[in-house]
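Architecture at a glance
Given next are the chains, with one letter for each unit.
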Amino acid sequence: MLRCLPTFRARAARAMSTTPSLVQIEKKDNYAIVRLSRAPVNSLNMELLQAIDEAVQSLEQDKNIKGMILSSTNPKIFSAGLDITEMYQPKTKRLREFWRAFQNTYLRLYTTPLATVAAIEGHSPAGGCLLAMCCDSRVMSLGGPLIGLNETKLGIVAPFWMRDVMVNTIGHRETEKMLGLGLQVNALRGKEIGLIDEAVPVEQVHSVAEKLLLEWLSIPSSARKLTKAMMRDETAQKLRSRLDEDRSNFVDFCETDKVQSALAGYLAALKKKAEAKAAK
Ligand SMILES: CCCCCCC/C=C/C(=O)SCCNC(=O)CCNC(=O)[C@H](O)C(C)(C)COP(=O)(O)OP(=O)(O)OC[C@H]1O[C@@H](n2cnc3c(N)ncnc32)[C@H](O)[C@@H]1OP(=O)(O)O
C-alpha cells in the first residue's frame, strides 16, 4: 500500500499538470487577477461556476489579498453566459446541481468582502453580464463587444435575482428595457446607462481596472466592507431565503417543451453561425 503511494502521487501530479484549469489566479501584491479559462467562450457550465466560487472563496481566506480583477484568458469573450448545453435535454439531478452552483457563485461574488472589478475585453451576454454586475466596478473595451441580459431573445426568462442586480446597477426603467427587450449594448452605451464605469480601448482595460481597484482599496477596509454589505445584503438575502423555491422554478421551467424547443433552436443557430465562420 505504502509503495503504491508515490506512483499514485506521480499520476495525480501528472493529471494536474495536464488538466487545464478552468480559472487562472495570478496574485499581485494585495490583489489577484482571476481569469476565466474555459475554451472556447467561457460558457458557464457547473464546473466553471464551482471553480469561480472556489477561487473567490480561497482569495477571501488569503490574508494578503484584499481585492480581485475578474477577467478572461480570451480577449474576445469575457463569458458567453450559462452553458446552454447544461439546460438542453438535461438530467434533472445535474440540472438541480447546476442551478445551485449558479446561485452560489452569484451569492459569493455579489457579497464578497473583497473589492472586485470586472475587466471586460470581450462579449459578455446574460450570465457573463451577471458576473460583471456582481463586481464593484466594470471596465469594458470600446468597439465590438456587447454586454446585457439577452435571455428574452432566447425565449427564456432571467430569475428575479438577476433582475435585482441589474436594477441595483442601472435602475428600474433601464432594466425594464434591457431585460424586456433582451438588449445588449456596447461599452459607450453601457457607460451612458451606468452599466459600465469606464469604456476604454482594449489595451487599456487592465490598467484601468487596476486603477479602479486601487481606488476601492484606498478606502479604510472595514468601512468599505460594511458599506458593501449594507448596500448588497438585502438583495442577496432575498435569494438566500428562497434558494430551493428558485431552483424548483428554474428546473420546472427549463424542462417544459416550450423552453426545450427554444433552446434547441438557439443552439442550432449558434452552430450554424460557427460553421459559416469556419467555412470563411
Ligand atoms: C431555461 C431557463 C433559463 C433561465 C434563465 C437563466 C439565465 C440565463 C442565463 C444565460 O446565460 S443563457 C446563455 C446566453 N448566452 C448567449 O446567448 C450567448 C451565445 N453565444 C454567442 O452569442 C456567441 O457565441 C459569442 C459569445 C458572442 C461568441 O461568438 P464567437 O463568434 O466568438 O463564437 P461562436 O462561434 O458563436 O461560438 C463558439 C462555440 O461556442 C458555442 N457556444 C457559444 N455560446 C454558448 C453558450 N452560451 N452555451 C454553450 N455553447 C455556446 C457555440 O455553439 C460554438 O460551438 P461549436 O459550434 O464550435 O461547437
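Structural notes, computed from the coordinates. As the structure is a prediction and not an experimental result, all values here were calculated from the model.

Moving on: the overall build of the protein. The helix and strand tally for the protein stands at 13 helices and 8 strands. On C-alpha atoms alone, the protein measures out to a radius of gyration of 19 Å, which is about the 19 Å that the 2.2 N^0.38 rule sets for 280 residues. Dimensions of the protein, computed from the C-alpha atoms along their principal axes, are close to 55 × 50 × 50 Å. Expressed as a percentage of contacts within the protein between residues at least 6 apart in sequence, the contacts between residues at least 24 apart total 75%. About 14500 Å² of surface is accessible on the protein, with carbon and sulfur atoms providing 56% of the total. In the protein, which carries 39 positive and 31 negative side-chain charges, the distance between the mean positions of the two groups comes to 5 Å.

Let's shift gears to the sheet that holds strand E6 (residues 137–141). Strands sit in the order E1-E2-E3-E4-E6-E8 across an open sheet of 6 strands; the sheet is mixed. Only two strands of the sheet have a single neighbouring strand rather than two, namely strand E1 (23–27) and strand E8 (198–200). Recorded for the sheet is a direction-independent mean angle of 20° between the axes of neighbouring strands. Looking at chain direction, E1 and strand E2 (residues 31–36) are connected through 5 bridges and run antiparallel. Across the sheet, the residue bridging to Lys-27 is Ala-32, located in E2. Where helix H2 (residues 46–60) meets the sheet, its contacts fall on E1, E2 and strand E3 (67–72), and the angle it forms with E1 comes to roughly 20°. Strands in contact with helix H5 (residues 127–134) are E2, E3, strand E4 (115–120) and E6; relative to E4, the strand with the most contacts, it is inclined by about 140°.

Before going further, it helps to spend a moment on the site of the ligand. If you check the shell around the ligand, you find 31 residues, and the closest are Ala-80, Leu-82, Tyr-266, Lys-273 and Lys-277. Ala-80 is positioned with one of its backbone polar atoms (N or O) 2.9 Å from a nitrogen atom of the ligand. The separation between an oxygen atom of the ligand and a polar main-chain atom of Leu-82 is 2.7 Å. Surface burial for the ligand is 82%, taken as the share of its 1100 Å² of free accessible area covered by protein chains. One can see that the ligand is located within the largest pocket. Elements represented by at least two residues in the shell around the ligand include exactly helix H3 (84–87), helix H6 (151–154), helix H12 (243–254) and helix H13 (257–279). Looking at which element gives the most residues to the shell around the ligand, the answer is H13, with 7 residues.

So, on to the layout of surface pockets. Taken as a whole, the largest pocket spans an internal volume of roughly 1300 Å³. Lining the largest pocket we find 47 residues, and of these Ala-80, Leu-82, Ile-84, Tyr-266 and Leu-270 sit closest to its centre. Counting residues per element, the ones that place at least two in the lining of the largest pocket are H3, helix H4 (92–111), H6, helix H7 (160–170), H12 and H13. Examining the composition of the lining of the largest pocket, we find that 8 residues originate from one element, H13, more than from any other. Looking at the lining of the largest pocket residue by residue, the class counts come to 28 nonpolar, 9 polar and 10 charged. Here the second largest pocket is characterised by a volume of approximately 320 Å³. Along its surface, the second largest pocket is lined by 15 residues, and Asp-136, Trp-216, Lys-228, Met-231 and Arg-232 are the ones closest to its centre. In terms of residues, the lining of the second largest pocket owes the most to one element, helix H11 (residues 221–240), which gives 6 residues. Taken together, the residues of the lining of the second largest pocket break down into 7 nonpolar, 3 polar and 5 charged.

The next subject is the side chain of Thr-175. With respect to the helices and strands, Thr-175 occurs in helix H8 (residues 172–180). Once you skip the residues sitting within four places of it in the chain, Thr-175 turns out to touch Arg-163, Met-166, Val-167, Ile-170 and Gly-180.

Across the 6 residues of E3, 6 count as buried, placing the element largely inside the fold. The alternating pattern of E3 places Gly-67, Ile-69 and Ser-71 and Met-68, Leu-70 and Ser-72 on opposite faces, both of which are buried. For E2 and E3, the ladder comprises 6 bridges, and the chain directions are parallel. Across the sheet, the residue bridging to Ala-32 is Met-68, located in E3. Where E3 and E4 come together, 4 bridges link them in parallel fashion. Among the inter-strand pairings, Ile-69 is bridged to a residue of E4, identified as Val-117.

This next bit is on the side chain of Ser-124. Along the chain, Ser-124 turns up in strand E5 (residues 124–125). Since its relative accessible area comes to 0%, Ser-124 is described here as buried. Beyond its immediate sequence surroundings of up to four residues, Ser-124 is in contact with Phe-78, Ser-79, Cys-129, Leu-146, Ile-147 and Gly-148.

Reading the values: rules and limits
- Residues numbered from 1 in each chain as written.
- Predicted model: local features only at pLDDT ≥ 70, side-chain atom pairs only at ≥ 80, totals over all residues.
- Heavy atoms only, no water.
- Helix = DSSP H or I, 4+ residues; strand = E, 2+ residues; numbered from the N terminus.
- Rg over C-alpha atoms; globule rule 2.2 N^0.38 Å.
- Contact = heavy atoms within 4.5 Å.
- Areas by Shrake-Rupley, 256 points an atom, 1.4 Å probe, with all protein chains shown as cover.
- Lys, Arg positive; Asp, Glu negative; His and termini not counted.
- Charge placed at Lys NZ, Arg CZ, Asp CG, Glu CD.
- Pairing = 2+ DSSP bridges.
- Axes fitted to C-alpha atoms, helices over the stretch in contact; angles between N-to-C directions.
- Near = heavy atom within 4 Å.
- Polar contact = N/O pair within 3.5 Å; in protein donor to acceptor, adjacent residues only side chain to side chain.
- 1 Å grid on protein atoms, 1.4 Å probe; cavity = no way out; pocket = protein on both sides within 12 Å on 5 of 7 lines; lining within 4 Å.
- Sits in = over half its atoms within 2 Å of the grid points.
- Points joined across faces, edges and corners; volume = space filled by probe spheres on them.
- Nonpolar A, V, L, I, M, F, W, Y, C, P; charged D, E, K, R; others polar.
- Buried < 20%, exposed > 50% of the residue type's maximum accessible area, 1.4 Å probe, protein only.

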